[in-house]
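Letter by letter, the chains look like this.
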Amino acid sequence: MLAPTGPHTPLLRALAAGLALGGALTACGGAADDSEGAGSPGGTTAADCTVGAGVPAPEELTARLDLGGTVTWSVASGRTGSVNASGVATDSSTADLLPTVRAAADAGGWDVFSLDDEGFEAELLARDEAGELLGVNLRDGACPGQVLVAVSVTDYASLS
C-alpha cells in the first residue's frame, strides 16, 4: 500500500473509513431469520441477490470517474464540492473490477497515491491537480459475482 502523505492524512483516513461504511451499507440483504435462508451461505437467498434498475450516476461523478455501465448505482448524491455514490457491480469480483477502476481513474486525470488491495476488498485514493480527492471502495458482496462499490469525489477547497 502506498502511504498517504501530507496535511490531509487524517482526513484521508476518515474518507477511507467512510467509504468502507458506505460499502457495507450497500450490501445485499440477508434473511430476516435463519429459516428464510436455510442452506445458503450467510442466510442470503437468490431473491436477496437481485439487483434492481438503480439510479443514474450524477454527471459530477461520471465526468470524473467514468465506469460506464459496470456499476448499477443504488444511491447517488451530488452537491457543490462533493459527490457520493454506491452500488453493485455484477458478474465480477474485486480482483476483476480493480483494474477497470484504476484505468478509469487514470483516464479521469487522477493521481493514485494509495492502493490497498486485499483481494476481496480494495481501496483506492487519488487526487488531481486542483486538489480534489477521489476515494473508491470495492468489496466482494455476500452474493456470488457481486462487488459492492462506493465512490466519493470531494473538492475540499470549495467546502471551506
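The structure reproduced in this document is the subject of the present report. (Residues numbered from 1 in each chain as written. Predicted model: local features only at pLDDT ≥ 70, side-chain atom pairs only at ≥ 80, totals over all residues. Heavy atoms only, no water.)

Some points on the overall build of the protein
What counts, and what does not: In this description a helix means any DSSP run of H or I spanning at least four residues, a strand means any run of E spanning at least two, and both kinds are numbered starting from the N terminus. Burial classes: relative accessible area under 20% of the type maximum marks a residue as buried, over 50% as exposed, and values in between as partly exposed (1.4 Å probe, protein chains only). The contact criterion used is simple: two residues touch if any of their non-hydrogen atoms lie within 4.5 Å. Accessible areas in this description were obtained via Shrake-Rupley with a 1.4 Å probe; residue shielding takes into account the shown protein chains only.
When helices and strands are counted, the protein shows 4 helices and 6 strands. The buried share among the 160 residues of the protein stands at 39%. Partitioning the contacts of the protein with sequence separation of at least 6, the portion at a separation of at least 24 is 49%. Approximately 8100 Å² of the protein is accessible, and the part contributed by carbon and sulfur atoms is 54%.

Some thoughts on the sheet that holds strand E2 (residues 82–89)
Defined as follows: Pairing between strands is defined by DSSP: at least two bridges between the two strands are required. A fitted line through C-alpha atoms represents every axis, and for helices the fit uses only the stretch in contact; the resulting angles, taken between N-to-C directions, go from 0 to 180 degrees.
Overall, antiparallel pairing links the 6 strands, which are arranged E1-E2-E6-E5-E4-E3 in an open sheet. Looking at strand neighbours, the two that pair on one side only are strand E1 (71–79) and strand E3 (111–117), the edges of this open sheet. Pairwise comparison of adjacent strand axes, ignoring direction, gives a mean angle of 10 degrees for this sheet. Summarising the sheet, E3 and strand E4 (residues 121–127) pair through 6 bridges and their orientation is antiparallel. Its bridge partner lying in E4, Asp 116 is registered against Glu 123.

Here we look at the environment of Leu 65
With respect to the helices and strands, the residue Leu 65 is situated in the loop between helix H2 (59–62) and E1. Linking Leu 65 and Ser 152, residues 87 residues apart in sequence, is a C-alpha distance of 9.9 Å. Beyond its immediate sequence surroundings of up to four residues, Leu 65 is in contact with Val 101, Ala 104, Ala 105, Leu 134, Val 136 and Val 151.

Let's talk about the pairing of E4
Of all 7 residues making up E4, 6 are buried, and the element is well covered by its neighbours. Connecting E3 to the antiparallel partner E4 that follows it, the hairpin turn spans 3 residues, and Gly 119 within it adopts a positive phi of roughly 90 degrees. Pairing analysis gives 7 bridges linking E4 to strand E5 (residues 133–140), with the strands arranged antiparallel. Looking across to E5, one finds that Glu 121 is bridged to Arg 139.

Let's talk about the pairing of E2
Within E2, 7 of the 8 residues are buried, leaving the element largely enclosed by the surrounding structure. Relative to E2, E1 runs antiparallel, the two sharing 8 bridges. If you follow Val 75 over to E2, its bridge partner there is Ser 86. The loop that links E1 with its antiparallel partner E2 comprises 2 residues; one of these, Gly 81, has a positive phi angle of about 85 degrees. In terms of strand pairing, E2 meets strand E6 (residues 147–154) through 8 bridges, oriented antiparallel. When the sheet's bridge partners are listed, Gly 87 is paired in E6 with Val 149.

Structural notes on the state of the cysteines
The condition that has to hold: Any two cysteine sulfur atoms lying within 2.5 Å of each other are counted as a disulfide.
Scanning all chains against the criterion turns up 1 disulfide. Between the sulfur of Cys 49 and that of Cys 143 lies a disulfide, 2.2 Å long from S to S. A torsion of -85 degrees about the S-S bond marks the disulfide between Cys 49 and Cys 143 as left-handed. Pair noted here: Cys 49 is in the loop between helix H1 (9–25) and H2 and Cys 143 is in the loop between E5 and E6, with a separation of 94 residues, a long-range link. On the basis of relative accessible area, Cys 143 is assigned to the buried category, the value being 1%.

Don't take any of this as a statement about function, it's just geometry.
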